[in-house]
Amino acid sequence: RFEVRYTPMVSLPLLLQLAVRRGAGPDEPIGASPFAVDVAPGEVCAERCDVRGDGLIGAELRRPATFVVVARDAYGNQLRGGGDRVHLSFRGRCNPTAHVHDRGDGSYGVAWASGITGDCVLSLTIGGAPVRGSPFAIAVGPNRLVVNSW
């Protein structure tokens, strides 16, 4: 009787092949080897999550600014489902309205808009812990006027 332990670090479907070698002979598969194993991601790890998008840098007055949060486990694997607690808090002048959309695939779309120009700080947590890079300094400026000349 043997006991083998393995801690996978990559989340993906695998074929686990178990075999034994007796003496100098060839490897003999054990039981119904190989076995199909689906390695699922672990729990969310805020410091490994990705956050990207222009809405982390700045915004224009009364126009939606957006960014995406990608939930990852301690090994950097993207989570496959939703349901994580994503929380935003702003400090400073901007006092925006914000919405978090759970995409159900381990990512979260965030849209926010401010009715006041100025600088503010966005603190972003997932699962109660700050994500990498949080807090973010954000500037809300006036709308840019684009003029086309024909």
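Before any of the text, the structure's been laid out above.
Residues numbered from 1 in each chain as written. Predicted model: local features only at pLDDT ≥ 70, side-chain atom pairs only at ≥ 80, totals over all residues. Heavy atoms only, no water.

Together, M9, V10, L12, L14, L16, L18, I30, F35, V37 and Y75 line one region of the surface with nonpolar side chains, adding up to about 800 Å² of accessible area. Put simply, the parts of the chain that give the nonpolar patch at least two residues each are β1 (13-16) and β4 (35-38). Inspection of the secondary structure assignment puts L12 in the segment before β1. (Patch = residues over 30% accessible without salt bridge, like charges linked within 9 Å, V, L, I, M, F, W, Y side chains within 5 Å. Areas by Shrake-Rupley, 256 points an atom, 1.4 Å probe, with all protein chains shown as cover. Salt bridge = Lys/Arg side-chain N within 4 Å of Asp/Glu carboxyl O. Helix = DSSP H or I, 4+ residues; strand = E, 2+ residues; numbered from the N terminus.)

To continue, consider the environment of G128. Turning to its location among the elements, G128 is positioned in the loop between β11 (118-126) and β12 (129-130). Among the residues examined, G128 registers a relative accessible area of 54% and is labelled exposed. In the structure, G128 is positioned 125 residues away from E3 in sequence and 37 Å away in space, judged by C-alpha atoms. (Buried < 20%, exposed > 50% of the residue type's maximum accessible area, 1.4 Å probe, protein only.)

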